[in-house]
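# Observations on the three-dimensional arrangement
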Amino acid sequence: LEYPHSTNGTLLYKLKCKIDAFLASHACDHYHTELLLKGDYTTALIRFDEVLSKGFSAQTFMSGLNQHMRDLLVAKGPAINLIEFTGDLLEHYRRQAANCDTAFLFGAISLLSEADGKLRTASNQRLLVELTLMKIAALSQKKNSELTLPTEESYPLPTLDEPQRVVVQPVA
């Protein structure tokens, strides 16, 4: 794809902005925030599979979802001008942000940022994204309680240093 060039670059910049706005408007549909808000992780996983089948990578999806959640958080307050959208798309973000609890958005951004750091070294990127989507969907179930994210202490794993010895009792 070749972009038309102008001496000051404004035409290229305007074209890039239009492409970004188009992708962002379709991203709203791909991220299915309303499913995560309802705690519907099953349908969210099916939609994620559809996104992968269209050729998007798990990394692209995760990064885009994180940006989407950030934009929703920004759209909730007076810093809305930090979002680079205008018109109908900006109104769409405002409406969607009004339905999102601030704690949910902070929790989702935290989970997505943590998972994004692990994604590059993950042996199963799809599983990592799916687990993150399930955790985000679970956040919506905690609206009326204090938001706590699971830690390694919450789910202790057995040590793998020494093999476990099993004593078998003879049957009488």
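Notes on the structure in this doc start here. Once a new chain begins, its residue numbering starts again from 1 and follows that chain's sequence as written. In view of the model being predicted, local features appear only for residues whose pLDDT reaches at least 70, and side-chain atom pairs are presented and counted only at 80 or more, with totals across whole chains, interfaces and linings using the full set of residues. Hydrogen atoms and water are omitted, and side-chain values are computed over all heavy atoms in the structure.

So, on to the overall build of the chain. Numbered from the N terminus, helices here are DSSP runs of H or I no shorter than four residues, and strands are runs of E no shorter than two. Along its length, the chain carries seven helices and zero strands. Ordering the α and β elements of the chain from the N terminus gives α-α-α-α-α-α-α. Each residue is assigned to one of three classes by its accessible area relative to the maximum for its type, calculated with a 1.4 Å probe on protein chains only: buried under 20%, partly exposed between the two thresholds, exposed over 50%. For the chain, with 172 residues in total, the buried portion stands at 31%. In this analysis, two residues are considered to be in contact whenever any of their non-hydrogen atoms come within 4.5 Å of each other. Contacts in the chain between residues far apart in sequence, at least 24 positions, make up 68% of those at least 6 positions apart. Just so you have it, the chain exposes about 11,900 Å², and 56% of that area is on carbon and sulfur atoms. Per-residue and other accessible areas follow the Shrake-Rupley method at a 1.4 Å probe size, with only the shown protein chains counted as cover for residues.

So, on to the side chain of asparagine 66. Looking at the secondary structure, you find asparagine 66 in helix 4 (residues 58-75). Once you skip the residues sitting within four places of it in the chain, asparagine 66 turns out to touch Ile109, Leu112 and Ser113.

Residue placement: methionine 134 occurs in helix 7 (residues 125-139). For methionine 134, a relative accessible area of 29% translates into the label partly exposed. Expressed as a C-alpha distance, the spacing of methionine 134 and leucine 45, which sit 89 residues apart in the sequence, is 8.2 Å. Apart from the residues within four sequence positions on either side, methionine 134 is in contact with Tyr41 and Leu45.

Taking 1.5 Å as the rise per residue, helix 5 (residues 87-98) with 12 residues should run 16 Å; its terminal C-alpha atoms sit 17 Å apart, in good agreement. Among the residues of helix 5, those classed as buried are Leu89, Leu90, Tyr93, Gln96 and Ala97. Seen from one end, helix 5 has its buried residues packed into an arc of 125°, which puts them on one side. Seen from the buried face of helix 5, the exposed residues on the opposite side, beyond 90 degrees, are Asp88, Arg95 and Ala98. Expected helix span is taken as 1.5 Å per residue step, with the number of steps being one fewer than the number of residues. Each C-beta atom gives one direction from the helix axis, and the arc is the one those directions make.

The next thing to look at is helix 4. At 3.6 residues per turn, the α-helix brings residues three or four places apart onto the same side. In this model helix 4 runs 25 Å from its N-terminal to its C-terminal C-alpha over 18 residues, within 8% of the 26 Å that 1.5 Å per residue would give. Among the residues of helix 4, Ala58, Phe61, Met62, Gly64, Leu65, Asn66, His68, Met69, Asp71, Leu72, Val74 and Ala75 are the ones counted as buried.

What follows concerns the side chain of histidine 68. Positionally, histidine 68 belongs in helix 4. Within the structure, histidine 68 has its side chain in polar contact with the side chain of tyrosine 93 (distance 3.1 Å). The term polar contact refers here to a pair of N or O atoms within 3.5 Å; inside protein, the definition further demands a hydrogen-donor-capable atom paired with an acceptor-capable atom, and it admits residues adjacent in sequence only when both atoms are side-chain atoms.

The term salt bridge refers to a side-chain nitrogen of Lys or Arg lying within 4 Å of a carboxyl oxygen of Asp or Glu. In total, this model carries six salt bridges according to the counting rule given. Between aspartate 49 and arginine 126 there is a salt bridge, with its nearest N and O atoms 2.6 Å apart. Remark: arginine 126 occurs in helix 7 and aspartate 49 occurs in helix 3 (residues 41-53); sequence separation between them is 77 residues. Relative accessible area serves as the criterion here: at 34%, arginine 126 is assigned to the partly exposed category. The partner of aspartate 71 in a salt bridge is arginine 70, with the nearest N and O atoms 2.8 Å apart.

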